[in-house]
There are 4 protein chains.
Amino acid sequence: MKLQDAKTVRVRRKLLETITKKSFSSVSTYPESLEVASSHNCENMVGATSIPLGIAGPIHIRGSVAKGTFYLPLATTEGALVASINRGCKAISQSGGGIVNCHRVGITRGPVFYTGSIENSEKLYRWIKTHGDRLRKEAQETSNHLKLDKIKVNTLSQHVFVRFSFDTQDAMGMNMATIATQKMAEFLEHETGFKCLSLAGNFDIDKKAAWLNFIENRGWKVWAEVILSEKVLSSVLKTTAQKLYETWLAKCVYGSMMSGSLGFNAHFANVVAALFIATGQDVAHVVEGSLGITTTQMTKQGLYLSVYLPSLVIGTVGGGTSLPAQNEALDILGVAGGKNGKNAATLAEIVGGAVLAGEISLLASLSVGSLASSHQKFARGK
Amino acid sequence: MKLQDAKTVRVRRKLLETITKKSFSSVSTYPESLEVASSHNCENMVGATSIPLGIAGPIHIRGSVAKGTFYLPLATTEGALVASINRGCKAISQSGGGIVNCHRVGITRGPVFYTGSIENSEKLYRWIKTHGDRLRKEAQETSNHLKLDKIKVNTLSQHVFVRFSFDTQDAMGMNMATIATQKMAEFLEHETGFKCLSLAGNFDIDKKAAWLNFIENRGWKVWAEVILSEKVLSSVLKTTAQKLYETWLAKCVYGSMMSGSLGFNAHFANVVAALFIATGQDVAHVVEGSLGITTTQMTKQGLYLSVYLPSLVIGTVGGGTSLPAQNEALDILGVAGGKNGKNAATLAEIVGGAVLAGEISLLASLSVGSLASSHQKFARGK
Amino acid sequence: MKLQDAKTVRVRRKLLETITKKSFSSVSTYPESLEVASSHNCENMVGATSIPLGIAGPIHIRGSVAKGTFYLPLATTEGALVASINRGCKAISQSGGGIVNCHRVGITRGPVFYTGSIENSEKLYRWIKTHGDRLRKEAQETSNHLKLDKIKVNTLSQHVFVRFSFDTQDAMGMNMATIATQKMAEFLEHETGFKCLSLAGNFDIDKKAAWLNFIENRGWKVWAEVILSEKVLSSVLKTTAQKLYETWLAKCVYGSMMSGSLGFNAHFANVVAALFIATGQDVAHVVEGSLGITTTQMTKQGLYLSVYLPSLVIGTVGGGTSLPAQNEALDILGVAGGKNGKNAATLAEIVGGAVLAGEISLLASLSVGSLASSHQKFARGK
Amino acid sequence: MKLQDAKTVRVRRKLLETITKKSFSSVSTYPESLEVASSHNCENMVGATSIPLGIAGPIHIRGSVAKGTFYLPLATTEGALVASINRGCKAISQSGGGIVNCHRVGITRGPVFYTGSIENSEKLYRWIKTHGDRLRKEAQETSNHLKLDKIKVNTLSQHVFVRFSFDTQDAMGMNMATIATQKMAEFLEHETGFKCLSLAGNFDIDKKAAWLNFIENRGWKVWAEVILSEKVLSSVLKTTAQKLYETWLAKCVYGSMMSGSLGFNAHFANVVAALFIATGQDVAHVVEGSLGITTTQMTKQGLYLSVYLPSLVIGTVGGGTSLPAQNEALDILGVAGGKNGKNAATLAEIVGGAVLAGEISLLASLSVGSLASSHQKFARGK
């Protein structure tokens, strides 16, 4: 591989700006404004860490809201990743695009209350069950952008765990949810006399791999699928349906079972991490983003492949999304800023499509034994 | 909170350079060199994403290898995180420092072989069990920096899953491990006639939350502990031992159980993510880094607190560690480059100390109900 | 220990009959009637397996429905188990009784449908979400003893998983639930054209240890608690609050975390198994019964201890409950036959109390290092 | 279904005695001797619970030690179970028999030690690592039938968890293992000064569903496989390879993933429970027996099916195995008593074959929608 000198990067960036008709200035110069803007994002700031930003795609996505072709901004230091996702995008696009769907589940916050006895826990349980509307009123007074959607209560003897799910429109919403939960918890303490031991009682459950998020979901749940013809499999992916199926079954299914894994996939986390860094998401949410299942099916038209992400936590406003380069990356995807929840849904579906691309390419590579060689080629610069 | 304008950031950076006697130039200007250097890290590069970099500490660490005080470079877009870790560092340092220990477990690669029958799997199993030295020879021919430490074999009827653990000195070593595994897999295929379906069969298991990594460990396992006196608890952390204990029990223990979590902690992932981005680690390994247990104990001297990270995947050479800002961050910690594995061990212990600081501060904050207010203060810039 | 000869057993049985004013004839002679009665329970019958039946208690239970003192029928071949539970019953009774509570969750059946595409799965999802009443009508036509309580739908690309929860009064209800689900599945196939691939799609999930049952619960969820005074701890249990607490923390909490366990307890399964065999439950449901959490708290009055069983699958009519000895065992507990769900609730709470007794005694034994000696004493007949 | 009156049962029993040339007297009369014999098995005995005993088979097994045809004794109260397993036996036998293999892993006991600090834990860890032979000597002085095979040590800050694995020949061996562990723990306490908090620290982990047992195994690990021809699939199982495959994928694979299950199978627990009760095993070990994976593969010769049981805890001497009816059941299988471990291995393989039969039959039934009807037929006596 020839060196990517500064000039090549500049030329490529210009080309992308021409194609997408978007400005990409912040990713090209050190953003002086970062230091001011980041007063909300980072204390004791001393500078910035620059992560190389590559582009994969375009990928053709036929989602419930995300429709069209997208260039994927991927911030990574792992050689071969962008190239691999790029290949997956090509395979998907040549197969007519990826079908994608998403459901908003909502961000959650889960306070835990101490009651001291089973009898008291039963009282608190019943109180919450009958005061949903009252709690909703408290929550929604804290923000016009937040709705309380669902209350789940599980009791463990002396402790009552609550899981509030919120609709926070285009925001990831963790801070909004925390503030609303604080208000509800105070109200609840005042009305019932039981103490909130922790506003975040790990029944949320935030930034840990947990079955609760897999089963009850968190943020967004996303599905993406495509049928790869034998032609695409051979010309783009250098493999066959049979080989890819066998690798998937051995790795994503049996290997994950044998390992006690919550990820029955090839490498969701890689794609999610690169997109999260590029678009200003909370990177620790890669943990939830690593959960999920890749499925396949041998069909007459070719190999069906799908991904399911049960717990994708993202947003297009708030947090790191307003930093210069990050906002530009969202803009490249056409989802910068708020749009009544539609931008977040679109971003969720784009992530779904990107993750599908990543799965296809890595599984194809593994199925023909080219993982080591492609890493040698890219990561070692040979 | 007053705005962090460019000048404040510059002054702070200079101060840090003076204290640490290190240069911090790459985090302060757009690194022209990034585009060249990153030819190994990112294809189709169009620029860079800048993540605000804050500094927490100093933290006093009394590790098996990491000894002294450290300023922690944290790249994050989540307001309040650096300030929170900073407070934890202060609490630890005022308590005489954090005791830390680590074991190298080694990076793993886990190929899966197809044998077609139980009888054949038994044959392959026995072959591997009796050819460990031969496999080691194959592996070690691929690099002078790699040793094959352990071979674990689990069989599922027609499939044989192998988990190779490597010592890769200061490198995280995933690529080295892949190349060595490729060589062994080819040798194995040649000698036994059984086919390798995937060089990475999810018995590694890489970048997925999995019990195999929790139980058998991966990369490094790290423990860190401290005893917080009531004085430190009240003056620095604004709480009491009793309150912090109750919050820990409700959240990290019971809440995690009720959620089916592999993280019995408050927020390992946040600290790990910020350190990983700053120091050029593979960010998707935050998934493994989110695993682990926080423990407490009420003692006469105060509150004992510890963290256990069963699967910390890090390195100080290779991957993103040689990028300019990332290398400077490693240099600030005194662990840039290779040193026969000692730098990686030191970094592992520093991460352990930092994670301990993060747990202490967040649990303290939750125990007195100040989570929402501190997030409002920092993240909203009030 | 002196031998339990036939005469001792007879005398003890008579005494129990006098105390409880119940007949215990079927457990004392080979039930000729078994062979006829069991035509519903066992095909190709050639005889019967006799399991020794011991009695523990009385245990004083202060439940939401189970109130009073109970003699626990325990069928087991594990020496020391009955004696151990007996000791726990004594400790609980001398502490004023165990407080117990239960919630009916309902038995579940979870069919899986194949739709072939994400788009079709979305259609089926919506259809089910809007046809709950119609499905309920179908289900409830199959039995007067069954109500459809809840429908949970999770989608995986081409497959739609449904989890129906039923109120089946005093019956465990698996067969009723299967028949009702069959009717709904046929209706659903007819109305939507999508095929049911399996009436039981492991989203039930029956007789496997699964987080879904831990989190969403199945059958009954039960809590039981008691505060043991230092006097009871020393005189009955030969330990102290501190010792028992430390053993619990090391074993049930940390040990379970380190093992990736769904049981954060000492030995729920032992007690559940012995009660299940004695009372004619489906013994494979011991798997679900092994799930759950034991908690403790050091208080001024003594040591608080509780158990939480998230997924207890039991009944007092149907299945093995009508076999002679099994029915007598239910009768001894006062819960033989149907009573609008009250008998099943009472049995659930009795199991909760018994499990609490078992936890207390084993943890006490372990805390003073007498496990091996008590097993040597009982199991080896010394 | 016609009633199974006493006479039918007698005739069937006689027939079985003639075929197997074994006596089946204890399962046919109330065993007076039970009350004496059970002095080792049950305290406070008042009688016995009789479980209907049915026979499935013969099943043809081609194991590494279990070779030939076997009649399976199944004690159950669940209608349709014996008939279903019987059908699976027929399908296997007509397909040339089930290939079975097993590995002895050994029973485990896992004490937990309290050291108080990370530094002390490191000391204890190293002590154990360098004193394996010394510990083995201690252990093996407690019994001639026990060997210490493996020592695994995992450390959590202040606690050190040890997992001893023992070869206990034909005995399940839990009691032997406990006594040997007691001796080692006392030795360890004496030599190092660190306290054993619990002889059983849930790192064993006994009678809880846990990933540690799935990954590291416990007792025996067993594999069984068969290839079902289309003829057998249609004539015996009334289904097709395609249908059975689709049901398996939807249920055992996807359904188990969606449920967070440690059982990726149809109903291991049912078969294991019925065999365990009949043969005097510790029934609470059904929990471990429910773990495992069923696999399939479409081949030219028909449908390949296999089961993998990672943690099967069984024995042929000790515990309930010497009770009259239970011993007869073992005798029918040709594995009563001790035989240098060979009887236990044989029983393990028979269980593997039986579980395979159970999976085949239930999956076949589900694949054609006959679950509800077969339960209605058998369980309701129609």
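Relevant structure appears above.
Residues numbered from 1 in each chain as written. Chains lettered and ligands numbered in written order. Predicted model: local features only at pLDDT ≥ 70, side-chain atom pairs only at ≥ 80, totals over all residues. Heavy atoms only, no water.

### Side note on the overall build of chain A
A count of helices and strands for chain A gives 14 helices and eleven strands. Radius of gyration (C-alpha) of chain A: 22 Å, near the 21 Å computed for a compact globule of 382 residues. The principal-axis extents of the C-alpha atoms in chain A amount to approximately 65 × 50 × 35 Å. Looking at chain A residue by residue over its 382 residues, the buried ones come to 71%. Sequence-distant contacts in chain A: of pairs separated by 6 or more residues, those separated by 24 or more amount to 74%. (Helix = DSSP H or I, 4+ residues; strand = E, 2+ residues; numbered from the N terminus. Rg over C-alpha atoms; globule rule 2.2 N^0.38 Å. Buried < 20%, exposed > 50% of the residue type's maximum accessible area, 1.4 Å probe, protein only. Contact = heavy atoms within 4.5 Å.)

### Quick notes on the interface of chain B and chain D
It is common to give the size of an interface as the accessible area lost on bringing the parts into contact. Facing 30 residues of chain B, the contacting portion of chain D comprises 30 residues. Put simply, chain B and chain D have two salt bridges between them. In this structure, E216 of chain B engages K152 of chain D in a salt bridge whose closest nitrogen and oxygen atoms are separated by 2.8 Å. At the level of elements, strand 3 (98-109), helix 4 (118-130), strand 5 (147-156), helix 7 (211-216), strand 8 (219-228), strand 10 (292-299) and strand 11 (302-312) of chain B are the ones that each hand at least two residues to the side of chain B that touches chain D. Residues that form the side of chain B that touches chain D fall into these classes: 14 nonpolar, eleven polar and five charged. (Salt bridge = Lys/Arg side-chain N within 4 Å of Asp/Glu carboxyl O. Nonpolar A, V, L, I, M, F, W, Y, C, P; charged D, E, K, R; others polar.)

### Some thoughts on the relation of the copies chain C and chain D
Structural alignment of chain C on chain D gives an RMSD of 0.0 Å, achieved by rotating through 180 degrees and translating 0.0 Å along the axis. Such a combination of turn and shift is consistent with a two-fold rotation axis. (Least-squares fit on C-alpha atoms with pLDDT ≥ 70 in both.)

### Section: the environment of N175 of chain C
Topologically, N175 of chain C is positioned in helix 6 (residues 174-192). Between the alpha carbons of N175 of chain C and G318 of chain C there is a distance of 9.2 Å; along the sequence they are 143 residues apart.

### Quick word on helix 6 (residues 174-192) of chain B
If you check helix 6 of chain B, its first and last C-alpha atoms are 26 Å apart, about what 19 residues at 1.5 Å a residue would give, namely 27 Å. When helix 6 of chain B is considered as a whole, its buried residues turn out to be M174, M176, A177, T178, I179, A180, T181, Q182, M184, A185, F187 and L188 of chain B. (Expected span 1.5 Å × (residues − 1).)

### As for the pattern of salt bridges
Where charged atoms of side chains with opposite charge meet at close range, the side chains can pair. Residue and element names in this part refer to chain D. In the structure shown here, the tally under the stated rule is 64 salt bridges over all chains. For K14, the salt bridge identified is with E17, shortest N-O distance 3.6 Å. Residue K14 and its partner E17 are both found in helix 1 (residues 6-20); the two are separated by three residues, about one turn of the helix. When the shortest N-O distance is used, the salt bridge between R126 and E122 registers 2.7 Å. Taken together, the positions of R126 and E122, both in helix 4 (residues 118-130) and four residues apart, correspond to about one turn of that helix. Judged by its relative accessible area of 12%, E122 falls in the buried class.

### Things to note about the packing of aromatic side chains
Inspection of the entire model under this criterion finds 25 aromatic pairs over all chains. Taking the centre distance of 6.5 Å and the plane angle of 70 degrees together, the rings of F264 of chain B and F264 of chain C count as edge-to-face. Taken together, the residues span two chains, with F264 of chain B in strand 9 (residues 263-264) and F264 of chain C in strand 9 (residues 263-264). The same class applies to F264 of chain B and to F264 of chain C, which are both buried. Plain terms: the ring middles of F161 of chain D and F203 of chain D are 5.9 Å apart, the flat faces sit at 50 degrees to each other, and that makes the pair tilted. Of this pair, F161 of chain D sits in strand 6 (residues 159-167) while F203 of chain D sits in the loop between strand 7 (195-198) and helix 7 (211-216); the two residues are 42 residues apart in sequence, bridging distant segments of the chain. Of the two residues, F161 of chain D and F203 of chain D, neither departs from the other in class, the shared state being buried. (Phe/Tyr/Trp six-rings, centres within 6.5 Å; stacked < 30°, edge-to-face > 60°.)

### A few points about the relation of the copies chain B and chain D
Superposing chain B onto chain D takes a rotation of 180 degrees combined with a translation of 0.0 Å along the rotation axis, leaving an RMSD of 0.0 Å. Mapped onto chain D, 100% of the interface residues of chain B are again interface residues, and the two copies thus contact each other with one and the same surface.

### So, the interface of chain C and chain D
Contacts between chain C and chain D engage 120 residues on the former and 120 residues on the latter. Here chain C meets chain D over a buried area of about 9,800 Å², counting both sides, of which 58% is carbon and sulfur. There are two salt bridges connecting chain C and chain D. In this structure, E78 of chain C engages K207 of chain D in a salt bridge whose closest nitrogen and oxygen atoms are separated by 3.5 Å. The interface formed by chain C and chain D holds 51 residue pairs in polar contact (both at pLDDT 80 or more) in total. In terms of residues, the side of chain C that touches chain D owes the most to one element, strand 1 (residues 45-62) of chain C, which gives eleven residues. (Buried area = accessible area lost by both parts, 1.4 Å probe. Polar contact = N/O pair within 3.5 Å; in protein donor to acceptor, adjacent residues only side chain to side chain.)

### Comments concerning unusual backbone geometry
Across the junction of G57 of chain A and P58 of chain A, the peptide omega takes the value 10 degrees, indicating a cis bond. Within the secondary structure layout, P58 of chain A lies in strand 1 (residues 45-62). With an omega of -20 degrees, the peptide bond between D204 of chain C and I205 of chain C qualifies as cis. By the element assignment, I205 of chain C lies in the loop between strand 7 (195-198) and helix 7 (211-216). A positive phi angle, close to 55 degrees, is found at K21 of chain A, a residue other than glycine.

### Some points on the environment of P310 of chain C
Residue and element names in this part refer to chain C. Along the chain, P310 turns up in strand 11 (residues 302-312). Between the alpha carbons of P310 and V105 there is a distance of 9.4 Å; along the sequence they are 205 residues apart. In contact with P310, not counting residues within four places along its chain, are N213, F214, N217, R218, W220, K221, L291 and G292.

### Some thoughts on the environment of A345 of chain D
Residues and elements named next belong to chain D. Mapped onto the secondary structure, A345 falls in helix 13 (residues 342-367). Given the relative accessible area of 8%, A345 is considered buried. The sequence separation of A345 and G63 amounts to 282 residues, and the corresponding C-alpha distance is 9.7 Å. Dropping the residues within four chain positions of it, A345 is found in contact with V65, C102 and W220.

### Considerations on the side chain of D170 of chain B
Residue and element names in this part refer to chain B. Positionally, D170 belongs in the loop between strand 6 (159-167) and helix 6. Buried and unpaired, D170 has R104 as its nearest opposite-charge partner, separated by 5.7 Å. Here K342 takes part through its backbone nitrogen, which lies 3.3 Å from a polar atom of the side chain of D170. Those residues within four positions of D170 in sequence are excluded, and the remaining contacts are G315, T316, V317, G337, G338, K339, N340, G341, K342, N343 and A344. (Lys, Arg positive; Asp, Glu negative; His and termini not counted.)

### Things to note about the side chain of T316 of chain A
Inspection of the secondary structure assignment puts T316 of chain A in the loop between strand 11 (303-312) and helix 12 (324-332). Setting aside its immediate chain neighbours within four residues, T316 of chain A contacts D170, T321, L330, V335, G337, N343, A344 and L347 of chain A.

### Thoughts on the pairing of strand 11 of chain B
Residue and element names in this part refer to chain B. Strand 11 sits mainly inside the fold: eleven of its eleven residues count as buried. Here strand 10 pairs with strand 11 via seven bridges, running antiparallel. Within strand 11, the position partnered with T299 by the bridge is G302. Connecting the antiparallel pair strand 10 and strand 11 is a turn made up of two residues. (Pairing = 2+ DSSP bridges.)

Without other data, these values stay purely geometric and don't point to any function.
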